[in-house]
Amino acid sequence: MMPHGKLSKLPTHLAIIMDGNGRWAKARMLQRIIGHQRGVETVKKVVEECSNLGIRYLTLFAFSAENWFRPKTEVKALMLLLKHYIIAETRRMVEDNIRFQIIGNRSELPVDVLHYLDEASRLTAGNSGMILTLALSYGARQEIAAASKRIAVEVAAGRLSPEEITEESFARYLDTTNLPDPDFLIRTSGEMRISNFLLWQLAYTELYFTEKNWPDFDRDELIKALVHFQSRERRFGKTSDQVKGRV
Ligand code: FPP
């Protein structure tokens, strides 16, 4: 097991694209849903580990706006898994001082699932520890279009002038308004795509891809990724010397 005593520079906001549940199951001749079930176990472990490590914000891509087009049985099973997960984990989040929230198109989620998600958000709203955000029925282009629409309404109503639209003010209309931009993104299963996740917010984020499928992503893999993050130099368009304060 890898020690994490040297994890001095943690990402403030870690975002994860959890991918490869289906392939994990297929490789074992199991149904896809078994892969998702194992994926939920990984979610529980990663949430606990990140909270223990002191990561301030963890955002997980749990269901994309495009995932609705999967076979009905799989969508239904994923929603059921989500419901069971949130019912089972809310108390632990309360105890572990984790604040829970969702982003995405909430109007598309089944009402019973939404009820438990809102309950979890309400019961953990006063917590001061890690903010856990689940992206559900989420698509970044939809998010940006919706933000633009809200801004247009404000301008049309005379409450906002076009000059007031800046990067900072625009970001306040996004779903992630209470979150800093992620400084580290992990995607599992070897795919090297962003897949319509946090397009605006990932502008300067360090990207990390691992071949491991999500059900196989364990504590050691997380620590390995975080150690890798420590070695990356974030320059934000400046030169290496500028960042190191040599000029
Ligand atoms: C990708 O695997 C995973 C998803 C569709 C979403 C992740 C879902 C979970 C971890 C389970 C539910 C989540 C919570 C928080 C309860 P895939 O099906 O795309 O895998 P594949 O690309 O190998 O087919």
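Please refer to the structure higher up on the page.
Residues numbered from 1 in each chain as written. Predicted model: local features only at pLDDT ≥ 70, side-chain atom pairs only at ≥ 80, totals over all residues. Heavy atoms only, no water.

### Points about the overall build of the protein chain
- A tally of regular secondary structure across the protein chain gives eight helices and six strands.
- When the elements of the protein chain are put in sequence order from the N terminus, they spell out β-α-α-β-α-β-α-β-α-α-β-β-α-α.
- Against the 2.2 N^0.38 benchmark of 18 Å for 247 residues, the protein chain shows a C-alpha radius of gyration of 19 Å, consistent with a compact globule.
- Viewed in the frame of its principal axes, the protein chain has a C-alpha envelope of about 55 × 50 × 35 Å.
- A separation threshold of at least 6 residues defines the contact pool for the protein chain, and within that pool the share at least 24 residues apart is 76%.
- For the protein chain, the separation between the mean place of its 35 positive charges and that of its 31 negative charges on side chains is 3 Å. (Helix = DSSP H or I, 4+ residues; strand = E, 2+ residues; numbered from the N terminus. Rg over C-alpha atoms; globule rule 2.2 N^0.38 Å. Contact = heavy atoms within 4.5 Å. Lys, Arg positive; Asp, Glu negative; His and termini not counted. Charge placed at Lys NZ, Arg CZ, Asp CG, Glu CD.)

### Comments concerning the pairing of strand S5 (residues 184-187)
- Of the two faces of S5, the one lined by Phe184 and Ile186 and the one lined by Leu185 and Arg187 are each fully buried.
- Both strand S1 (residues 13-17) and S5 contribute to a ladder of four bridges, which runs parallel. Bridged to Ile17 within S5 is Arg187.
- The pairing of S5 with strand S6 (residues 206-209) spans four bridges and is classified as parallel. The residue of S6 that forms the bridge with Phe184 is Glu206. (Buried < 20%, exposed > 50% of the residue type's maximum accessible area, 1.4 Å probe, protein only. Pairing = 2+ DSSP bridges.)

### Thoughts on the pairing of strand S2 (residues 57-64)
- Buried residues dominate S2, accounting for seven of its eight residues.
- The pairing of S1 with S2 spans five bridges and is parallel. Of the residues in S2, the one forming a bridge with Leu14 is Leu58.
- Where S2 lies against strand S4 (residues 131-138), seven bridges are found, and the strand directions are parallel. Along S4, the bridge assignment pairs Phe63 with Leu136.

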